[in-house]
Amino acid sequence: MFHAHIRFFGEMLESIGEGLTCGELNRIANDTYGLGWKTLVQIRRRVNWMHGAGMVESWTNGKIVLTEDGRALIPQLALVRRSDLEAQRLAVHLPAELSVPTRRLAERLSEVTENELQGRKRVLGYIAGGATMMAFSRNIDAAASGLSRSEFIRLSAETFDVNMSSAEQSLNTLQGLGLLAQVGPDQFATTDLAAEWLQSGEAADLVRCLHLSLALLGETLDTLESEVDSGTLTRILAEKYLRPTLTRKDVTARVALLVETGLAERIGKVARSTALGRALARSLPLQKHHDAHRDRAPDEADNTTAEFGRCPRRPEQLAAEVVSSSTDSANYQRFEHALAEAFRYLAMDTEVHSGPAKTDLVVTLWLSPTKRRRIAVEAKTDGAGLVTDQDVRFMRLNEHRMRHHADHTVLIGPGFDTRVFKEANRDDVAVLTAEQLAAAIVRHAETPLYPHELAALLLAGQADALAHTWRETKRRTEALSLVTNAMWKSANDPVDIEFGAGALDVRDIWRETKASLETPLDKTEIEEVLAFLSSPCLAGVVKQSGIHAISAPPKLIAARLRSLASAIEAKAVDTDARSATSTRAMAASAVPSHNGPAKIKPPPNDAEPAQVRAWAKAEGRPVNTRGRLPGSLIREYRLAHGGLQADPSCPAT
């Protein structure tokens, strides 16, 4: 039963062989099956289940060993093997036969306009029975002969065993998707397009119908041509299409629908389109991509931006570019500009110099109001991936440092031989590889660090020294999430409410969260989270007599945090407009550009506060009822109504 419903159960049993540790089993889960587990929690859970079933034993040397029953069970299980996964990956390249759309559907697809595509609804909505082919079919078929609202709701509730309010919500969803239409004072029937789909029964026709009403459905399928997880897919869609902005929940719902209809498939934690899905995506009318260069004036372009692009790359793309360009010896400027973009992304003020008798870059780290460090960056490329002492003139590095009033030098390249490290150590020059910088970019995207925390990376080339800082910062983030959700769970548990009014003390929280981490939270960590949540700015937790009760759902606490972030960003923009200091570069570093920080243009007086607030509420955005509106919210309002943003060459973030 476990093997039938849970990934890597029987496969793990087979992988144990003559005995493996939990760490070794975790590597197999990640390397062979692509599960991406960062801790041993999932492995240990499976081991505990297998212990309970008498399938394995734990030995004192740390290894998990099969029992006789465990060995006897393996041949009875249908297992997924590495060769099966590779065959599945290769199958995507096989041609697919795409059905021809029905007559009315083909006509509707051929005449759809860009405005209609941009005006599609964002939320898929609730459907009784789930967003499956069977549920769509039965719901639509029920209304084919024409039913009253009450008749449809009663039939749907009985068919799918849901309450009446859920069935009514399902009716509204099907109307919004253009599958049902009101044909009388209280009568509903299928639309022509839905009726044609019921006849054809083709999954492709259902998705064609939904694509006309559901925002970015075909566009999601088109983007799934390469394997991608839902978080990355959400970011890609946001970059390609300015509106509507899909949440991760929206994207996950679309992927689930595409997987259910056989147009996409899941492999581990990623999804990709099938051959049939790719063929369908190519045949659909898709919303136009946002053209980052469409509104640029001719004098804004230069050779560098024409070659490297103005719009920021995603962190993983930027990291890949840093590594790739480091071995492009024929185009050393490509590496320099990749480094400039990387440092700006890491919130560092960056100057690009290059040229004879000059350093390549100068990076300024803002460490405190009274302390800054200027670092000269020397970039070295090598086609073979190894920079030797013959490629570096250390005597000139000091000259470059003095010329630019820098107090330190860092040497960056694809790799260095041992002599370079020796000479660099003698001259107090930090050495950093492109891969180390790329790793820092990826980790910074997950858990941002401040410039003073990143200082060791450039001042001493100590990329490993950051690992401890990242672990601590990430653990605080995990602690915040675990404590908040544990308190919300208790606040909605009838037993906890009866005996403790849904409130918890530190020990209770420790007990609730201890199984979620390999090393449970300690008392200090929990108290720090509670102090943060109970601060007046957030007011997410109320403390009384040593116990704590949550005061709002976790989603609303997160929304309050986002509103605080918007307020901080709005002030940061105002400060930048008044003072052209290095702080501007740091504030702009979240949207890095090859040409330095984005220039803030004076906004036109065309945004009435009342209109902005009404728009924000309609979009589900948190907004204050009085007082000053965040500058970021006003910019998004102007963008949604055809206005320009701070830099028209790059999408809003």
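Values in this document were obtained by computation on a predicted structure and should not be read as measured data.

**Q** Just checking my understanding: could you explain the environment of L212 for this structure?
**A** Among the secondary structure elements, L212 is positioned in the loop between α13 (203–211) and α14 (217–223). Looking at L212, the relative accessible area reads 12%, which means it is buried. C-alpha separation for the pair L212 and R108, spaced 104 residues apart in sequence, amounts to 8.5 Å. If near-sequence neighbours (up to four positions away) are discounted, L212 is found in contact with L105, R108, L109, V112, R120 and L193.

**Q** I tried to follow the packing of helix α3 (residues 22–31) against helix α4 (residues 41–52) on my own but got confused; where do I start?
**A** When two helices pack together, their arrangement is captured by the angle between the axes and the distance separating the axes. α4 packs onto α3 with a crossing angle of 115° between their chain directions and a minimal axis gap of 9 Å. As judged from the angle between their axes, α3 and α4 are roughly perpendicular. Crossing angle aside, the handedness with which α3 passes α4 is right-handed. Note on element contacts: α4 touches α3 through I43, R44 and V47, opposite C22, L25 and N26. Of the residues contributing to the contact of α3 with α4, the split by class is four nonpolar, one polar and one charged.

**Q** Please explain the sheet that holds strand β4 (residues 180–182) as it appears in this structure.
**A** Two orientations exist for strands paired in a sheet by backbone hydrogen bonds: parallel and antiparallel. Ordered by their spatial adjacency, three strands build an open sheet running β3-β5-β4, and the pairing between neighbours is antiparallel. Edge positions in the sheet fall to β3 (147–148) and β4, since each of these pairs with one other strand and no more. As paired strands, β4 and strand β5 (residues 187–190) are joined by three bridges and run antiparallel to one another. Looking at β5, one finds that Q182 is bridged to F188. With respect to the sheet, helix α11 (residues 164–176) is in contact with β4 and β5, its orientation differing from that of β4 by roughly 95°.

**Q** Just to check I follow, could you spell out the sheet that holds strand β11 (residues 408–413) for this structure?
**A** What the five strands build is an open sheet, ordered β8-β9-β10-β11-β12; its pairing is mixed. Each end of this open sheet is capped by a strand with a single partner; those strands are β8 (349–352) and β12 (430–433). Taking the axes of each pair of neighbouring strands and ignoring which way they run, one obtains an average angle of 25° across the sheet. With four bridges joining them, β8 and strand β9 (residues 361–368) adopt antiparallel strand pairing. Looking at the pairing, V352 lines up with L361 of β9.

**Q** Would you take a moment to explain the packing of aromatic side chains for this structure?
**A** Remark: the centre distance and the inter-plane angle together describe each pair of aromatic rings, the angle taken between the planes. By the definition in use, this model includes six aromatic pairs. Their ring planes at 5° and their centres at 4.8 Å tell us that F2 and W49 sit as a pair that is stacked. Placement of the pair is F2 in helix α1 (residues 2–5) and W49 in helix α4, with a sequence separation of 47 residues. Taken together, a centroid distance of 6.2 Å and an interplanar angle of 65° make the contact between F8 and W37 edge-to-face. Remark: W37 occurs in the loop between α3 and α4 and F8 occurs in the loop between α1 and α2 (10–16); sequence separation between them is 29 residues. W37 matches F8 in its accessibility class, with the two residues each being buried. Through a chain of ring-to-ring contacts, three or more aromatic side chains come together here, namely F2, F9 and W49. The ring of F160 has R138 lying over it, and the distance from NZ or CZ to the ring centre is 5.8 Å.

**Q** Where do I start with the pairing of β9 in this structure?
**A** In terms of burial, β9 is largely enclosed, as six of its eight residues are buried. Of the strand pairs in this sheet, β9 and strand β10 (residues 371–379) are connected by seven bridges, and their pairing is antiparallel. Across the sheet, the residue bridging to V362 is A376, located in β10. Here β9 folds back onto β10 in antiparallel fashion, the turn holding two residues.

**Q** Got a minute to help me understand α4 in this structure?
**A** Each full turn of the α-helix corresponds to 3.6 residues, which orients residues three or four apart in the same direction. In this model, α4 (12 residues) spans 17 Å end to end at C-alpha, consistent with the 16 Å of a helix rising 1.5 Å per residue. If you check which residues of α4 are buried, you get V41, I43, R46, V47 and M50. The elements touched by buried residues of α4 are α2, α3, β1 (56–58) and β2 (64–66). Just past α4, the residue G54 takes up positive phi, approximately 75°.

**Q** Help me understand the environment of L77 in this model?
**A** Along the chain, the position of L77 falls in the loop between α5 (68–73) and α6 (82–91). Through-space distance from the C-alpha of L77 to that of E11 is 8.9 Å; in sequence the pair is 66 residues apart. Setting aside residues no more than four positions away along its own chain, L77 makes contact with H3 and G10.

**Q** Before we go on, may I ask you to explain the confidence of the model for the protein chain in this structure?
**A** Close inspection of predicted coordinates is inappropriate for parts of the model with low pLDDT. Here the protein chain shows a mean pLDDT of 80. Residues at 70 or above account for 83%. The model gives residues 292–310 a pLDDT under 50, and that stretch makes 32 contacts with residues more than four places away or in other chains. Within the model, the stretch residues 573–605 combines pLDDT values under 50 with 49 contacts to residues more than four positions away or in other chains.

**Q** Would you take a moment to explain the pattern of salt bridges for this structure?
**A** As a working rule, side chains carrying opposite charge can pair if their charged atoms are close by. Per the stated rule, a full pass over the model turns up 23 salt bridges. Ionic pairing is found between R71 and E68, a salt bridge with its closest N-O pair at 3.5 Å. Of this pair, R71 and E68 are both found in helix α5, three residues apart, which corresponds to roughly one turn of the helix. Residue classification places R71 among the partly exposed positions, given a relative accessible area of 35%. On the basis of relative accessible area, E68 is assigned to the exposed category, the value being 60%. Salt-bridge contacts for E527 lead to K523; the nearest nitrogen and oxygen are separated by 4.0 Å. Here E527 pairs with K523, and both are found in helix α28 (residues 523–533), just four residues apart, close to one helical turn. The exposure class of E527 is partly exposed, given its relative accessible area of 36%. Residue K523 is classed as exposed on the basis of its relative accessible area of 55%. Each of R235, E239, R314 and E316 takes part in one network of salt bridges that share partners.

Scoring rules and cut-offs
Residues numbered from 1 in each chain as written. Predicted model: local features only at pLDDT ≥ 70, side-chain atom pairs only at ≥ 80, totals over all residues. Heavy atoms only, no water. Helix = DSSP H or I, 4+ residues; strand = E, 2+ residues; numbered from the N terminus. Buried < 20%, exposed > 50% of the residue type's maximum accessible area, 1.4 Å probe, protein only. Contact = heavy atoms within 4.5 Å. Axes fitted to C-alpha atoms, helices over the stretch in contact; angles between N-to-C directions. Parallel < 35°, antiparallel > 145°, perpendicular 65-115°, else oblique. Left-handed = near helix turned anticlockwise from the far one by under 90°. Nonpolar A, V, L, I, M, F, W, Y, C, P; charged D, E, K, R; others polar. Pairing = 2+ DSSP bridges. Phe/Tyr/Trp six-rings, centres within 6.5 Å; stacked < 30°, edge-to-face > 60°. Lys NZ or Arg CZ within 6 Å of the ring centre and 35° of its normal. Expected span 1.5 Å × (residues − 1). pLDDT = per-residue confidence, 0-100. Salt bridge = Lys/Arg side-chain N within 4 Å of Asp/Glu carboxyl O.

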